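# Structural features, examined
Chain by chain, the residues run as shown.
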Protein chains: 2
Amino acid sequence: MAKEIPSRSEDYSSWYNELVKKADLAEHSDVRGCMVIKPYGYSIWEKMQQALDKMFKDTGHTNAYFPLFVPKSLFEAEEKNAEGFAKECAIVTHYRLKSDPQHKGKLIVDPDAQLEEELVVRPTSEAIIWSTYKKWIQSYRDLPILVNQWANVVRWEMRTRLFLRTAEFLWQEGHTAHVTEKEAIQEAEQMLNVYAEFAETFMALPVVKGIKSEGERFPGAIETYCIEAMMQDGKALQAGTSHFLGQNFAKAFDVKFTSKEGKLEYVWGTSWGVSTRLIGALIMAHSDDDGLILPPKLAPIHVVIVPIFKTEEELAKISAKAHEISSALRKQGYTVKFDDRDTYKPGFKFAEWELKGVPVRLAIGPRDMENGTVEVARRDTKEKQVMKLDEVASNIPALLDNIQENIYQKALTFRTEVTTKVDTYEEFKHVLDGKGGFVLAHWDGTPETEAAIKEETKATIRCIPLDAPEESGTCIFSGKPSTKRVMFARAY
Amino acid sequence: MAKEIPSRSEDYSSWYNELVKKADLAEHSDVRGCMVIKPYGYSIWEKMQQALDKMFKDTGHTNAYFPLFVPKSLFEAEEKNAEGFAKECAIVTHYRLKSDPQHKGKLIVDPDAQLEEELVVRPTSEAIIWSTYKKWIQSYRDLPILVNQWANVVRWEMRTRLFLRTAEFLWQEGHTAHVTEKEAIQEAEQMLNVYAEFAETFMALPVVKGIKSEGERFPGAIETYCIEAMMQDGKALQAGTSHFLGQNFAKAFDVKFTSKEGKLEYVWGTSWGVSTRLIGALIMAHSDDDGLILPPKLAPIHVVIVPIFKTEEELAKISAKAHEISSALRKQGYTVKFDDRDTYKPGFKFAEWELKGVPVRLAIGPRDMENGTVEVARRDTKEKQVMKLDEVASNIPALLDNIQENIYQKALTFRTEVTTKVDTYEEFKHVLDGKGGFVLAHWDGTPETEAAIKEETKATIRCIPLDAPEESGTCIFSGKPSTKRVMFARAY
């Protein structure tokens, strides 16, 4: 094996950390809590960006860019939002360094260059964006505003984890402004659906759509919609959120418009985002003890071709064929890597490309050339089959589609297996400590019960599923009546 | 007219500022020195990114992402680089806000949350990237590293100007590491050529390739290559730079590799970048008193169709035809806007799309429908012609190519007109105060002369053109011998 990683059953957490590093996705940087996203990891993000960006544009949104910094006075304008993020903000206080008179070649912060007003490095951009929208909106004719931003944000974290929780991360944040409450709610729901479709179609990741309880709501939102995914260790991961902001930010920043009827009214808003955290979800949902398993729609490399040769002459013949296959596949939009390094043996290369999650591997040796065959290995199931050399290029698109579908089905089957309905608190704790997963249980709807359950079991209400049927029952904790099951889990 | 802007001859600077704002490209934000890039402006940046990103990938580079923050101790490691940027750095000193006990609802910086080591918001990323490369590089087998990053950077500026000079801006920065000096120089030169090709092919902007004098060199570089462009007011604009860093950063961060021969050697480096400043260059090089003139290859909208109608019935007929034309053009990859707003008159719409620089405008009225004709107006020359409705879609690609070429030729002709060879200092000053532009003059090669000329005339050496012929002469300032003319100009 090229690079060993711990197995999932041995230590799921180390398996994840080592996999992220060994597969060249990301690493910790010299800046506390901040990661370096390495080229292979970044290329997955680029694939995600491309797909999402198209979906945003297809639903009428355009991109823009707003400042990294938020003056403190703007930051604090929407009180709940400010309160929610105040404890994790990086603050710029000075704008200059100067030579350290005590130590030659060293620099110190220039005390004469203190800012009159401190700047918050954006943890999210509602404040700076709504202060801008105030200038853009006068009349109903200026609405809706459907804007998205691709950006970095900073939320100071003490305990960090590559992709899942880092002080700086990359994301997109949509910020929209509307004439009516109904239109804003429709927008928030539309974007939830976009996220769910992206997760299922591209990430091969089944998700539950729902709304957050009050305790888990975005600070400053009236309603937070979310998609929740299940990881292989039975823990949930919030994969995207879409917020109906009501008129909260419009009121905080005094953003009003003149309606068709000539009345001055506050604007309705939404915001919605997904981040590089999705890469963490992708890894934890699908990968195995040999490394990454990437769904073809997000794989930076679709097919790797490994030549098996002893002589230069053999390599030359195989290369010619490999280039033919590559070229046919590239024309169809696939990325193909021909790994003809002579410094490594085939077995090493096999392990390396398995670690990196390339969906399909072709191995071609001298005997294959004679027989007109090629060994085709799929990464998801590790099954191998022999195909005719002349047919392999035309067979691969269907194989990749099959892999994409299979990865999704496997994740869906797993999620179904670890989704449990319980009716008692005993059963609830038993399931959580056993197989884990999503636990559907009745809840009395109070923040007190939610907090008590969290305190005792570390499980939180991931969401109230949108499709939860009306069903009368009693709260597993308080015994009070409930009309609907909510979805609990321990979560990332 | 929809929105008035001052004419260039009246006040070039106000013309630029107003145009940027009125054409909805960007505006000042509530954060000192930072701009908001509005959707229309951002879509030009997206077009630029797309083209550049493809050129970077075609030359073997991949994207990655490095932290926004640079710990002060890393920042100061390469002394010249640190010294060059120290005076314009935003500094993060704290990581938390807390409630202001004196003012309810207000926040203050929590004095208990002071960072042990201050963080510099990256003004450029050599320091953080070379401290990372140290971990990536052991052997010659790990080289070259060919990485690019799309990111925001912050350079504290007192006098800012939308796109041209802002405290925060967006850019790309390539950072490469190589085994040999020769390879690194080739890389720096290759990227200079990529930038020049991008400027000329996409931006329709002729550029002079050259190297900077020592005084204008990037802090920490051995050699800075640049492309210089000419604006319509006779001032130069540096449009991109590519730096050969020698072993400076490798030495500062102790980045060594074991060579094929088993020797431990310092790595050779380059860095290169272009920024949202290019949008400023694009505007100032081509636009006119009626608004933007965008080269088709970077125009967010290629063709706008304005219906001229009185009745709903007329509009319906024109719409059907417009959709046919749009659809045919979209299939060929063009973006078409059908402006059927009933709240504005055609004249208003014409002015608005001229302001926004859409290369081609089609106007279709009831008489056109009868005659099977359409009025086609090109934005660059403002010429109008009548085409057959059935042929317009197939004629437009050639028309757009012609516009792209014409904009380039116009800029080239202008640059040629304002490029002057002078042999005396009197002549030099006369040209600068007259038509301005590029002035080719002999220089004795000393920083003292360069500084004195800058002090007296505000002109700087933009570059020593790569294609400057060997030619013996005498320095216009000192009278000392010189072997080559260098290119002076007043600059942005």
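An account of the accompanying structure is given in this report.

### Side note on the overall build of chain A
Tallying secondary structure elements over chain A gives 14 helices and 27 strands in all. Taking 23 Å as the expected radius of gyration for a compact globule of 492 residues, we find that chain A reaches 26 Å, a close match to that expectation. Structurally, chain A occupies a C-alpha span of about 80 × 70 × 55 Å along its principal axes. Here chain A holds 492 residues, and the buried ones make up 49% of them. Within chain A, contacts between residues at least 6 apart in sequence are counted, and of these 67% link residues at least 24 apart.

### Some words on the relation of the copies chain B and chain A
Expressed as a screw transformation, the operator carrying chain B onto chain A has a rotation angle of 180° and an axial translation of 0.0 Å, and the superposed copies differ by an RMSD of 0.0 Å. Put plainly, the chains are arranged around a two-fold axis. Closest to the rotation axis within chain B is the C-alpha of B:V92, separated from it by 2.1 Å. Most of the interface of chain B is mirrored in chain A: 100% of its interface residues are interface residues there too.

### Looking at the packing of helix 9 (residues 312–331) of chain B against helix 12 (residues 392–417) of chain B
Residues and elements named next belong to chain B. The N-to-C vectors of helix 9 and helix 12 enclose an angle of 45°; their axes lie 9 Å apart at closest approach. Here helix 9 is positioned oblique relative to helix 12, judged by the angle of their axes. The two elements helix 9 and helix 12 meet at a crossing, and its hand is right-handed. Across the interface between the two elements, I325, A328 and L329 from helix 9 touch V392, A393 and I396 from helix 12.

### Quick notes on the sheet that holds strand 27 (residues 485–489) of chain B
All names here are of chain B. Strand order in the open sheet formed by eleven strands is 3-9-10-16-13-12-11-24-27-23-22, with mixed pairing between adjacent strands. Looking along the sheet, the strands with just one partner apiece sit at the ends: strand 3 (62–63) and strand 22 (419–421). Sheet analysis places strand 22 next to strand 23 (residues 438–442), joined by three bridges and oriented parallel. Its bridge partner lying in strand 23, T420 is registered against V439. In the packing of helix 8 (residues 277–286) onto the sheet, the strands contacted are strand 10 (168–178), strand 12 (223–230), strand 13 (236–246) and strand 16 (268–275), and the crossing angle to strand 13 comes to about 145°.

### What about the environment of B:V194?
Residues and elements named next belong to chain B. The topology assignment puts V194 in helix 6 (residues 181–201). Sequence spacing of V194 and F56 is 138 residues, and the spatial spacing of their C-alpha atoms is 8.0 Å. In contact with V194, not counting residues within four places along its chain, are M55 and T59.

### Considerations on the interface of chain B and chain A
Chain B puts 53 residues into the contact, and the matching count from chain A is 53 residues. Grouping the constituent residues of the side of chain B that touches chain A by class yields 31 nonpolar, ten polar and twelve charged. Pairing of strand 5 (residues 91–94) of chain A with strand 5 (residues 91–94) of chain B, which is carried by three bridges, proceeds in the antiparallel orientation. Paired with A:V92 across the bridge in strand 5 of chain B is B:V92.

### Structural notes on the nonpolar core
Of all hydrophobic cores here, the largest spans 314 residues; its most connected members are A:C89, A:A199, A:I227, A:A229, B:A199, B:I227 and B:A229. Residues contacting B:A229, with those up to four places away along its chain left out, are B:A199, B:L205, B:V207, B:A236, B:L237, B:A239, B:A281 and B:A285.

### So, the environment of B:D444
Residue and element names in this part refer to chain B. Inspection of the secondary structure assignment puts D444 in the loop between strand 23 and helix 14 (447–457). On the basis of neighbour counts, which here come to 16 C-beta atoms within 10 Å, the residue D444 falls in the partly exposed class. Between the alpha carbons of D444 and N248 there is a distance of 27 Å; along the sequence they are 196 residues apart. Filtering out sequence-adjacent residues up to four positions away, D444 remains in contact with T449, C475, S478, K480 and S482.

### Structural notes on the sheet that holds strand 17 (residues 303–307) of chain B
All names here are of chain B. Spatially, five strands are ordered 18-17-19-20-21 in an open sheet, and the strand pairing comes out mixed. Unpaired on one side and paired on the other, strand 18 (336–338) and strand 21 (384–388) mark the two borders of the sheet. Between one strand axis and the next, the sheet turns through 25° on average, direction left out of account. Inspection of the sheet shows strand 20 (residues 373–378) paired to strand 21 by five bridges, in the antiparallel sense. Across the sheet, residue E375 finds its bridge partner in strand 21, namely V386. In this fold helix 10 (residues 346–355) packs onto strand 17 and strand 19 (360–364), with an angle of close to 170° to the strand it touches most, strand 17.

### Structural notes on the packing of helix 9 (residues 312–331) of chain A against helix 12 (residues 389–417) of chain A
Residues and elements named next belong to chain A. Look at helix 9 against helix 12: their axes get within 9 Å of each other, and the N-to-C directions meet at 25°. When the interaxial angle is binned, helix 9 and helix 12 end up roughly parallel. Our pair here, helix 9 against helix 12, has a crossing hand that is right-handed. Seen from helix 9, the contacting residues are K321, I325, A328 and L329; seen from helix 12, they are L389, V392, A393 and I396.

### Details of the pairing of strand 12 of chain B
Residue and element names in this part refer to chain B. Extensive coverage of strand 12 is indicated by the burial of seven of its eight residues. Direction of pairing for strand 11 (residues 208–211) relative to strand 12: antiparallel, over a ladder of four bridges. Pairing of K209 across the sheet is with I227, part of strand 12. Of the strand pairs in this sheet, strand 12 and strand 13 are connected by eight bridges, and their pairing is antiparallel. Residue A229 lies in a different strand from strand 13, and its bridge partner there is L237. What sits between the antiparallel neighbours strand 12 and strand 13 is a turn of five residues, in which G234 has the positive phi angle 85°.

### Some remarks on the pairing of strand 20 of chain B
All names here are of chain B. Examined bridge by bridge, strand 19 and strand 20 share four bridges and lie antiparallel to one another. Bridge pairing links V360 to R378 in strand 20. Joining the antiparallel neighbours strand 20 and strand 21 is a turn of five residues, in which K382 adopts a positive phi near 65°.

The rules we used
Residues numbered from 1 in each chain as written. Chains lettered and ligands numbered in written order. Predicted model: local features only at pLDDT ≥ 70, side-chain atom pairs only at ≥ 80, totals over all residues. Helix = DSSP H or I, 4+ residues; strand = E, 2+ residues; numbered from the N terminus. Rg over C-alpha atoms; globule rule 2.2 N^0.38 Å. Buried ≥ 20, exposed ≤ 12 C-beta atoms within 10 Å, placed from the backbone. Contact = placed C-beta atoms within 7 Å. Least-squares fit on C-alpha atoms with pLDDT ≥ 70 in both. Axes fitted to C-alpha atoms, helices over the stretch in contact; angles between N-to-C directions. Parallel < 35°, antiparallel > 145°, perpendicular 65-115°, else oblique. Left-handed = near helix turned anticlockwise from the far one by under 90°. Pairing = 2+ DSSP bridges. Nonpolar A, V, L, I, M, F, W, Y, C, P; charged D, E, K, R; others polar. Core = buried A, V, L, I, M, F, W, Y, C linked by C-beta atoms within 7 Å.

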